[in-house]
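Given next are the chains, with one letter for each unit.
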Amino acid sequence: MKAKQLFRKTMPFCIAKLLLGGATVLILSLLLALFAGVGWIFGDTGLVIGFLIWMGSIGVVRFFIMHYVGYLVKAGHLAVLAQATITGKVPRDQVKYGINKVKERFATANIYFAIDKLVTGAVKQIQRGIEKLSNSLSFVPGMEHIASLAKFFVELSLGYIDECCLSYTFLKVKQNAYKSACDGVVLYAQNIKLLLKNAAKTMLKVVFLTVAAVLIIFIPVGLLFRLMHWHGFIAFVLACLIAWVVKFAFLDSFILCQTMAAYLDAAKETKISFDLYGKLSGISSSFKELFEKGRGEMRRPAQSPDAPDTEPAPDAYDAGGQTPPPARPRPEMRSASRPVPQHKFCGQCGAKNDGSAAFCQECGEKL
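Thresholds applied
Residues numbered from 1 in each chain as written. Predicted model: local features only at pLDDT ≥ 70, side-chain atom pairs only at ≥ 80, totals over all residues. Heavy atoms only, no water. Helix = DSSP H or I, 4+ residues; strand = E, 2+ residues; numbered from the N terminus. Contact = heavy atoms within 4.5 Å. Areas by Shrake-Rupley, 256 points an atom, 1.4 Å probe, with all protein chains shown as cover. Buried < 20%, exposed > 50% of the residue type's maximum accessible area, 1.4 Å probe, protein only. Axes fitted to C-alpha atoms, helices over the stretch in contact; angles between N-to-C directions. Parallel < 35°, antiparallel > 145°, perpendicular 65-115°, else oblique. Left-handed = near helix turned anticlockwise from the far one by under 90°. Expected span 1.5 Å × (residues − 1). Bend = angle between axes of the 7 residues up to and from the residue. Phe/Tyr/Trp six-rings, centres within 6.5 Å; stacked < 30°, edge-to-face > 60°. Core = buried A, V, L, I, M, F, W, Y, C linked by side-chain atoms within 4.5 Å. Salt bridge = Lys/Arg side-chain N within 4 Å of Asp/Glu carboxyl O.

Remarks on the overall build of the protein chain
Scanning the protein chain from terminus to terminus reveals 11 helices and 2 strands. When the helices and strands of the protein chain are listed from N to C terminus, the series reads α-α-α-α-α-α-α-α-α-α-α-β-β. Sequence-distant contacts in the protein chain: of pairs separated by 6 or more residues, those separated by 24 or more amount to 72%. Entry remark: accessible area of the protein chain is about 21,300 Å², with carbon and sulfur atoms responsible for 64%.

As for unusual backbone geometry
Its identity is not glycine, yet A107 carries a phi of approximately 65°, on the positive side. If you trace the backbone, A107 turns up in the loop between α4 (94-106) and α5 (109-134). Classification of A107 as exposed rests on a relative accessible area of 57%.

Topic: the packing of helix α3 (residues 43-87) against helix α9 (residues 232-268)
Two numbers describe how α3 lies on α9: the axes approach to 12 Å, and their chain directions differ by 25°. Overall, the two elements α3 and α9 adopt an arrangement that is roughly parallel. Both α3 and α9 take part in a crossing whose hand is right-handed.

Concerning α3
With 45 residues, α3 extends 61 Å between its outermost C-alpha atoms, agreeing within 8% with the 66 Å of an ideal straight helix rising 1.5 Å per residue. Residue G70 marks the point of greatest curvature in α3, where the axis turns by about 60°. At the exit of α3 stands G88, carrying a positive phi of roughly 80°.

Here we look at the packing of aromatic side chains
The full count for this structure, using the stated rule, is 13 aromatic pairs. Taking 5.4 Å as the distance between ring centres and 80° as the angle between the ring planes, the aromatic pair formed by F7 and F254 counts as edge-to-face. In this pair, F7 sits in helix α1 (residues 3-9) while F254 sits in helix α9, placing the two residues 247 residues apart along the sequence. When its relative accessible area of 17% is taken as the criterion, F7 is described as buried. Residue class for F254 comes out partly exposed when judged on its relative accessible area of 22%. Arranged with centres 5.5 Å apart and planes meeting at 15°, the rings of W244 and F248 form a pair that is stacked. One end of the pair is W244 and the other is F248, both in helix α9 and 4 residues apart, which spans about a single turn. Residue classification places F248 among the buried positions, given a relative accessible area of 11%.

Describing the nonpolar core
The biggest cluster of nonpolar side chains holds 61 residues, and the ones touching the most others in it are I115, V119, Y188, Y263, F287 and L290. The residues contacting I115, other than those within four sequence positions of it, are F106, L166, A177, Y178, A181 and L290. In terms of nonpolar packing, the next biggest core, distinct from the first, is built from 23 residues, A235, L241, A243 and V245 among them.

A look at α9
In a regular helix each residue adds 1.5 Å, so 37 residues correspond to 54 Å; α9 covers 51 Å between its end C-alpha atoms and thus fits that length. Of all the bends in α9, the greatest measures close to 45° and is centred on K247.

Side note on the pattern of salt bridges
Here the structure, examined in full by the defined rule, presents 5 salt bridges. In this structure, the salt-bridge partner of D265 is K268, at a minimum N-O distance of 3.6 Å. Here the residue D265 and the residue K268 both occupy positions in helix α9, the gap between them amounting to 3 residues, near one helical turn. In this structure D265 comes out as partly exposed when scored by relative accessible area, which is 39%. For K268, a relative accessible area of 47% translates into the label partly exposed.

Observations concerning the environment of H77
Note on placement: H77 falls in helix α3. A residue is classified by how much of its surface remains accessible, and H77, at 0% relative accessible area, is buried. In the structure, H77 is positioned 25 residues away from V102 in sequence and 9.5 Å away in space, judged by C-alpha atoms.

This is how it looks when you write it as structure tokens:
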């Protein structure tokens with residue numbers, strides 16, 4: 001499913017984000033009126049102090065709204081987008097479906113934010129590692145300015161890319177969320193050139209449309225404040241808040257759809273390289289922590305290296321007319337003159353790997 005189709009068909013989430021952002025602006029507007037009114041009693045100095053207190057309250061209000069309500073809407077949108085991108089179908093009651101998927105996958109907001117924080121940190125640290133390599137070209141005239149501009153757009157785009165990595169947790173439901181998120185970061189690293197090139201283009205649109213939204217909203221708000229003889233700076237602040245709501249609800253959602261489509265299209269054609277787990281752990285402490293948590297929470301029982309290479313006997317299954325799966329054939333006996341190939345067995349999941357493998361092909365554990 002294309003990005004425009006994803007955006008149009010998941011419009012209920014955009015409306016939900018609009019309502020969420022509108023509630024945030026309404027609360028902040030009431031707090032602004034309260035602090036300004038109290039500050040006005042003490043004169044100009046009181047107004048300045050009241051405004052500074054209000055500025056500090058912005059982060060507090062956004063934290064509580066996003067932490068207890070907003071994460072369900074945001075992550076639910078990711079769940080539906082991931083499913084729609086792969087299957088081409090959107091659930092009928094998509095908001096309810098997405099929220100239920102989030103609750104099933106993360107159980108609590110704390111788990112979601114813990115994984116989100118690690119994924120965000122991993123993506124940014126990996127990007128910094130790549131930037132260090134690009135510094136080797138600093139001797140080229142003008143490269144420093146080009147690199148700074150590119151870094152600006154890349155930093156803006158990383159917020160959408162880490163959400164794409166997090167969306168991978170909804171596609172790999174048989175793994176724990178930490179392991180799935182870890183795989184999502186590896187897929188990003190394997191397709192980093194394509195994804196960053198796509199993200200840089202979309203970020204140009206975001207910057208242009210955000211500035212346009214602020215100006216369009218500021219004109220009527222500024223005129224209203226001027227007619228009522230209120231301070232123009234307050235009008236500008238409110239215009240920025242309203243523009244943030246529009247960006248959060250519609251612009252961010254559209255760019256997320258574009259980035260998600262590019263990410264999952266690349267992911268479908270990419271086979272995860274388990275050698276990258278060790279390399280990325282060396283680059284990013286956040287990725288290493290994410291990998292260690294994913295490995296520690298795996299519930300797959302380890303198989304003994306001496307265990308037989310066949311399925312259980314038929315009598316090990318419940319009687320009920322169910323045909324047991326066919327046994328895998330044992331390897332052929334080799335003559336003494338032919339060397340027996342070396343194998344490595346994973347201590348985490350028990351899978352048998354080729355002797356030259358550095359990481360398990362099943363779970364990514366270092367051998």
